[in-house]
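# Overview (structure and organization)
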Amino acid sequence: MAQVKNRLTPFFENITFDREDNELILNFGPQHPSAHGQLRLMLHLQQEQIVKAHPDVGYLHRGMEKMAENMIYNEFMPTTDRMDYIASSSNNYGFALAVEKLIGLEVPRRAKVIRMMLLEINRLMSHLFWLATTALDIGAMTVFLFAFREREYLMDIIEGYCGARLTHAAIRIGGVPLDIQDNFIIQLKTFLDKLPANIKDYEDLLDTNRIWLMRMEEVGVISTEMALSWGCTGPMLRASGVAWDIRKEEPYELYDEVEFNVPFSDKGDNFARYRIYMQEMRETAKILYQTIEMYETCVANNETALMAHAPQYISAPKIDIMTQNYSLMQHFVLVTQGMRPPVGEVYVPTESPKGELGFFINSQGGPYPYRLKLRAPSFWHTGILTDLLPGHYIPDVVSIIGTTNIVFGEVDR
Amino acid sequence: MRAYTPKDDVQAKAYYTDRFYVAPQVPKQDVENDEVFAADLAAIKAKFEVSDAYIQVSNMVVYINAKDIYGVLELMRDELDYTQLSEMSAIDWLAKDNTFEIFYQMLSMKKRKRIRVKYFIENGQAVDSVEKLFRCADWSEREMFDMFGIEANNHPFMKRILMPYDWQGNPLLKTYPLEGDEFAAWYEVDKIFGKEARDIIGPEIRDTARVDRYDSERFARLGFEVPKGTEITDDMPRTEQKYQEDDGVFLIKKYDKESSVIVDDPQR
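Residues numbered from 1 in each chain as written. Chains lettered and ligands numbered in written order. Predicted model: local features only at pLDDT ≥ 70, side-chain atom pairs only at ≥ 80, totals over all residues.

### A closer look at the overall build of chain A
Along the backbone of chain A there are 17 helices and six strands. For a compact globule of 413 residues, the expected C-alpha radius of gyration is about 22 Å, and chain A comes in at 23 Å, within 12% of that figure. For the C-alpha atoms alone, the extent of chain A along its principal axes is close to 80 × 55 × 50 Å. For chain A, the proportion of its 413 residues judged to be buried stands at 50%. (Helix = DSSP H or I, 4+ residues; strand = E, 2+ residues; numbered from the N terminus. Rg over C-alpha atoms; globule rule 2.2 N^0.38 Å. Buried ≥ 20, exposed ≤ 12 C-beta atoms within 10 Å, placed from the backbone.)

This is the structure in structure tokens:
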């Protein structure tokens, strides 16, 4: 095609000419590698100090809430993968749990144990990814390579389970679709036995690293009031002095049967958040060992059911569908028309690796949710940058964005 | 008589519903069943008008008047320990009675309880901002404005947040179209190059799996690679392309497909 003159008028978005003071407006992102996806920050600078920050989001907005209103419940499950794509099973789980609460379903024990395994593996994957990318942003390339190596093992395990590495769709409403594969536990144990040594490697590289400490300590301090007011949850809140973990306080699945600690700190700075992520990895490993035991008990007790029995909402097992006429009919209706949960409303929070992941569903008894609101933790962890960044210097922006652990699939939805 | 269906609701609809199907209800409990909620409700009722309250799936739902929202949330935050606003947004009931239902999901970490405060507003009415109480409402109210067009009074920066500033319409309204029209499809082309460029550029191909084997301009013809812009004839020979220097790179072992080993044990 011939060169056609462009009709857009030129403009200079990085420069303002009509100011008398020294304030410079810096446009950070949305394509900056340390913007962790699609974050655009407009920073007002006095020399190198930030006086005003204005985060601009929406570059990854896909309208998931609108999509949910136009999909049957099971159809929406793979879409939830694309929210927090670093730990996608935790989104699947949040949605599945919300619909189960709406229907009033009880999931079989074996499925619960498998779900917990998946959730905690996802938490490890997410934390390792966080450590890798944050360390890389700060300049610690070795940690990046180490942490990605470990994350790769976990992705292999997950791939063995559901066939996907990133967008798992590994959980169904009413249970899980599959039992874990034969070598799952062996692989997981091999990994978990190595993990403490791996975490020690990271800590040896970072804990007393002068550059790391200078970039982390006393930088990005979030007070308890600020964290609460901005709706911070997860490690962001726990680093600011509130020991609030939904797994502990409002237990779902079998989290009331496992033993683990909730690490927290009252420092509120980047370094506190880093310590909490490292501690949480250890706690997660502890939970995973316990779920392996629980799974083996399930096998010993011959508890084989993986999906809840609720013919009105959940398809029968494949063997029934292939042999029983009524199950086949039910399955046909559930696949073509979709399940119709009761009329009502539910808000179900779960502790995703980033914080409180909540699903609000308003059902009017139809096969499509009337309104579905996704409460993604990263949304407010991005918003807090407005109040957090002023007073800091440009290099701090990178480390603060790093420790807020925001994922834009979740912010923009 | 046929049931009336609002004609402007463009959302997906169930294509078949049994005539005698009666949807079950998610059970609602009386607030008196839970003493913490009962005490909270009594404290709210002492100062504000509450039109309805019940417990549903372990959350208490409280319906108040739209004008009381700031006061109720202030009371809940300062006296009842509901220190966090988890989420707030709206539900579109325009087709039913021209109202929006606004909900605020509150969390008390001390009591481990969650309350959903709700009220209705007329279409076009603004809500009172609670941004002074909870900073997170800054972004939530902007999102609500973006998605539903509901404005918040006293909000410091009432602008769209997820959609572009020049966007028309509010995506989460039930009347918002699910697909773009001709204007939307050609928007960028019209704006940048002018309408006359439509014929030259041609319609956008949305099929990402589409492979045109006669196109040597845009698509890498894997296994049959030719220089860019070559006329493609039907019987092109297979050309294996190796993307590495012939002598290899310093310190890097040259990749050779034939002599490489596939490792199938990830734990090796």
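### Thoughts on the overall build of chain B
Across its full length, chain B holds seven helices and eight strands. For chain B, whose C-alpha radius of gyration is 30 Å, the value lies well above the compact-globule estimate of 18 Å for 268 residues. Taken over the C-alpha atoms alone, chain B extends approximately 85 × 60 × 50 Å along its principal axes. Looking at chain B residue by residue over its 268 residues, the buried ones come to 25%.

### Points about the packing of helix α4 (residues 109-138) of chain A against helix α5 (residues 141-162) of chain A
Residue and element names in this part refer to chain A. At a closest axis distance of 8 Å, the pairing of α4 and α5 adopts a crossing angle of 160°. One way to sum up the angle between α4 and α5 is to call them roughly antiparallel. The hand of the α4/α5 crossing is left-handed. Only Met141, Val143, Phe144, Ala147, Phe148, Glu150, Arg151, Leu154, Met155, Ile157 and Ile158 of α5 make contact with α4, whose side of the interface consists of Ile121, Leu124, Met125, Leu128, Phe129, Leu131, Ala132, Ala135 and Leu136. Residues of the contact of α4 with α5, tallied by class, amount to 18 nonpolar, no polar and two charged. (Axes fitted to C-alpha atoms, helices over the stretch in contact; angles between N-to-C directions. Parallel < 35°, antiparallel > 145°, perpendicular 65-115°, else oblique. Left-handed = near helix turned anticlockwise from the far one by under 90°. Contact = placed C-beta atoms within 7 Å. Nonpolar A, V, L, I, M, F, W, Y, C, P; charged D, E, K, R; others polar.)

### Focus on the interface of chain A and chain B
Chain A puts 51 residues into the contact, and the matching count from chain B is 41 residues. No other element matches strand β4 (residues 343-352) of chain A, which puts five residues into the side of chain A that touches chain B. Of the residues contributing to the side of chain A that touches chain B, the split by class is 19 nonpolar, 16 polar and 16 charged.

### What to know about the nonpolar core
Residues and elements named next belong to chain A. Ranked by internal contacts, the top residues of the largest apolar core, which has 160 residues, are Ala98, Val99, Leu131 and Val143. Looking at this core element by element, the count peaks at 17 residues for α4. Apart from residues lying up to four places away in sequence, valine 143 is in contact with Leu131, Ala132, Ala135, Tyr202, Leu205 and Leu206. (Core = buried A, V, L, I, M, F, W, Y, C linked by C-beta atoms within 7 Å.)

### A closer look at the domain arrangement of chain B
Along its sequence, chain B is organised into domain 1 (28-125) and domain 2 (205-244). For domain 1 of chain B and domain 2 of chain B, the distance between their C-alpha centroids amounts to 61 Å. (Domains from an automatic or database assignment.)

### Considering the sheet that holds strand β3 (residues 49-56) of chain A
Residues and elements named next belong to chain A. Pairing within the open sheet is antiparallel, and its three strands lie in the order β1-β2-β3. Each edge of the sheet is formed by a strand with only one pairing partner; in this case those strands are β1 (24-28) and β3. Along the sheet, successive strands turn relative to each other by an average axial angle of 20°, direction set aside. (Pairing = 2+ DSSP bridges.)

### Let's talk about α4(A)
All names here are of chain A. Taking 1.5 Å per residue as the helical rise, α4 with its 30 residues ought to reach 44 Å, and the 43 Å between its terminal C-alpha atoms agrees with that figure. In terms of burial, α4 is a largely internal element, 27 of the 30 residues being buried. Directly beyond the C-terminal end of α4, a positive phi value near 115° is found at glycine 139. (Expected span 1.5 Å × (residues − 1).)

### Observations regarding the confidence of the model for chain B
Should the pLDDT be low somewhere, the predicted coordinates at that spot are not to be read in detail. Summing up the model confidence of chain B, the mean pLDDT is 84 and the portion of residues at 70 or higher is 93%. Among the scores for the predicted complex, ipTM is 0.85 and pTM is 0.83. (pLDDT = per-residue confidence, 0-100.)

### Examining unusual backbone geometry
One non-glycine residue, Gln47(A), lies in the positive phi region at around 55°. Since 10 C-beta atoms lie within 10 Å of it, Gln47(A) is described here as exposed. Of note in the backbone geometry, Ser58(B) takes a positive phi value of approximately 60° without being a glycine. Relative to the assigned elements, Ser58(B) resides in the loop between β2 (50-56) and β3 (59-64). Ser58(B) sits in the partly exposed class, given 15 other C-beta atoms within 10 Å.

### A closer look at the sheet that holds strand β4 (residues 84-93) of chain B
All names here are of chain B. Taking strand neighbours across the sheet as the criterion, the six strands line up as β1-β2-β3-β6-β5-β4 in an open arrangement whose pairing is mixed. At either end of the open sheet lies a strand with only one pairing partner, and these are β1 (28-29) and β4. As defined by bridge partners, β4 adjoins strand β5 (residues 99-108) across nine bridges and the pair is classed as antiparallel. Within β5, the position partnered with isoleucine 91 by the bridge is glutamate 101. Each of β2, β3 and β6 (113-122) touches helix α1 (residues 35-47); the most contacted strand, β2, lies at about 165° to it. Relative to β6, helix α2 (residues 69-78) is tilted by about 175°, and along the sheet it contacts β3, β5 and β6.

### Here we look at the pairing of β3(A)
Residue and element names in this part refer to chain A. Of the strand pairs in this sheet, strand β2 (residues 40-46) and β3 are connected by seven bridges, and their pairing is antiparallel. Across the sheet, residue arginine 40 finds its bridge partner in β3, namely aspartate 56. Remark: two residues form the turn of the hairpin made by β2 and β3, two consecutive strands paired antiparallel; glutamine 47 in that turn has positive phi of roughly 55°.

### Quick notes on the packing of helix α2 (residues 73-80) of chain A against helix α3 (residues 88-103) of chain A
Residue and element names in this part refer to chain A. At their nearest, the axes of α2 and α3 sit 8 Å apart, and the two run at 155° to each other. Accordingly, the angle class assigned to the pair α2 and α3 is roughly antiparallel. For the crossing formed where α2 meets α3, the hand is right-handed. Across from Tyr73, Phe76, Met77 and Thr80 in α2, the residues of α3 making contact are Asn91, Asn92, Phe95 and Val99. Class assignment of the residues belonging to the contact of α2 with α3 gives a composition of five nonpolar, three polar and no charged.

### Focus: α5(A)
Residue and element names in this part refer to chain A. A rise of 1.5 Å per residue sets the reference length of α5, with its 22 residues, at 32 Å; its end C-alpha atoms lie 31 Å apart and thus fit the reference within 8%. Within the sequence span of α5, burial applies to Val143, Phe146, Ala147, Glu150, Tyr153, Leu154, Ile157, Ile158, Tyr161 and Cys162. Angularly, the buried residues of α5 cover 160° about the axis, an arc narrow enough to put them on a single face. For α5, exposure combined with an orientation more than 90 degrees from the buried face picks out Met141, Leu145 and Arg149. Contact partners of the buried residues in α5: α4 and α6 (184-206). Looking at the residues trailing α5, positive phi occurs at glycine 163, about 90°. (Arc of directions from axis to C-beta.)

### Examining the environment of Glu159(A)
Residue and element names in this part refer to chain A. Note that glutamate 159 resides in helix α5. Overall, the presence of 14 C-beta atoms within 10 Å leaves glutamate 159 in the partly exposed class. Ignoring anything within four residues of it in the chain, the contact list for glutamate 159 reads Ala164 and Arg165.

### Points about the environment of Ala197(B)
Note on placement: Ala197(B) falls in the loop between α6 (187-192) and α7 (198-201). Judged by C-beta crowding, with 15 C-beta atoms within 10 Å, Ala197(B) ranks as partly exposed.

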